[in-house]
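Here are the chains, one letter per residue:
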Amino acid sequence: MHARLFDSHCHLDDARFDEDREQLIASLPGQGIGACLTCGSDLSSSRAALELAKQYDFIYAAAGIHPHEASKATDDDLAGVRTLLTHPKVVALGEIGLDFYYDFSPRETQESLLLAQLDLAFEMGKPVILHVRESHGAMLGVLRARTDRLSGGVLHCFSGSAQSVHIYEKLGFHISFAGSVTFKNASKLREAAQAVSLDRLLIETDSPYLSPIPFRGKRNHPGQVAEVCRVLADIKGISFEEMTEITYRNAAKLFGIPL
């Protein structure tokens, strides 16, 4: 069985890929990458994500407005996201969420944008990609208050506890780990990974950010998702090949992508 990796969260439109984007993307299948999901953080990056997805069979897009952009977001932006979600290669709404670490937008503004986008995802039948930083309590409050209006999705670049894993899973969410799970000081994250059910686990790079060991300090890219997969396979006590297949199937099923 040929190992296929699914990078469930990257930002291929990022300026750090400008000088070699085409060459890099062309090299990914040779590095075992079977699929990538490139995610928007505002309307223009969401449009750029779709343009890339249209160009390459194995790239899919997510459209959404990041909490950092919440105070700038307009009704027109939301209408633009809605239009993008009608395209078959836009398989999720994201990345959306709450960021109480940077607080680039007021918390109540972040929360109202999150609710509007959760409503949109439910209406359009799309899973969501959730960014949660220093805000797990608030996010769980939002999700628990609307259990009958959730369309599932993924906690991207998971940073929560092993206890919160079980709560998110009960609410119908998947859990995705990025390069941070490979870091030396990541014992809490590894405990959380241990707690995730195998059928809820995803892998990602969040590239160009968060390069895994041994690439820290360099630009990250989807080919390096193998390092995340390796660490998770180790934590779960299964082979690398098994972990690639499990996480690939989980992502394909969540995002409605044919195997």
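First things first, this report covers the structure right here in the doc. These numbers were taken from a predicted model, which means no experiment stands behind them.

Looking at the packing of helix H6 (residues 162–170) against helix H7 (residues 187–195)
Here H6 crosses H7 at 35 degrees, and the two axes come no closer than 8 Å. Once H6 is placed against H7, the crossing between them reads as right-handed. Facing H6, whose interface residues are Ala-162, Val-165, His-166 and Glu-169, H7 presents Glu-191, Ala-192 and Ala-195. Its residues placed into classes, the contact of H6 with H7 shows 4 nonpolar, 1 polar and 2 charged.

What about the environment of Ser-161?
Here Ser-161 lies in the loop between strand E6 (153–155) and H6. Note: C-alpha distance between Ser-161 and Arg-190 (29 residues apart in sequence) is 9.5 Å. With residues up to four places along the chain from it excluded, the contact list for Ser-161 reads Lys-188 and Ala-192.

Overview of the pattern of salt bridges
Summed over the entire model, instances satisfying the criterion amount to 12 salt bridges. Between Glu-69 and Lys-72 there is a salt bridge, and its shortest N-O distance comes to 3.0 Å. The salt bridge involving Arg-146 is made with Asp-119; its shortest N-O contact spans 3.0 Å. One end of the pair, Arg-146, is in the loop between helix H5 (136–144) and E6; the other, Asp-119, is in helix H4 (residues 107–124), with 27 residues separating them in the sequence.

Regarding unusual backbone geometry
Backbone torsion omega between Ser-207 and Pro-208 reads 15 degrees, so that peptide bond is classified as cis. With omega at 10 degrees, the peptide bond leading from Ile-213 into Pro-214 counts as cis. One non-glycine residue, Asp-206, lies in the positive phi region at around 55 degrees. For Asp-206, the position within the fold is in the loop between strand E8 (201–203) and helix H8 (225–236). Judged by its relative accessible area of 10%, Asp-206 is buried. Even without being glycine, Leu-210 reaches a positive phi, approximately 55 degrees. Looking at where Leu-210 falls in the secondary structure, it is placed in the loop between E8 and H8. Residue class for Leu-210 comes out partly exposed when judged on its relative accessible area of 28%.

Rules used in this analysis
- Residues numbered from 1 in each chain as written.
- Predicted model: local features only at pLDDT ≥ 70, side-chain atom pairs only at ≥ 80, totals over all residues.
- Heavy atoms only, no water.
- Axes fitted to C-alpha atoms, helices over the stretch in contact; angles between N-to-C directions.
- Helix = DSSP H or I, 4+ residues; strand = E, 2+ residues; numbered from the N terminus.
- Left-handed = near helix turned anticlockwise from the far one by under 90°.
- Contact = heavy atoms within 4.5 Å.
- Nonpolar A, V, L, I, M, F, W, Y, C, P; charged D, E, K, R; others polar.
- Salt bridge = Lys/Arg side-chain N within 4 Å of Asp/Glu carboxyl O.
- Buried < 20%, exposed > 50% of the residue type's maximum accessible area, 1.4 Å probe, protein only.

On their own, these measurements won't tell you what the molecule is for.
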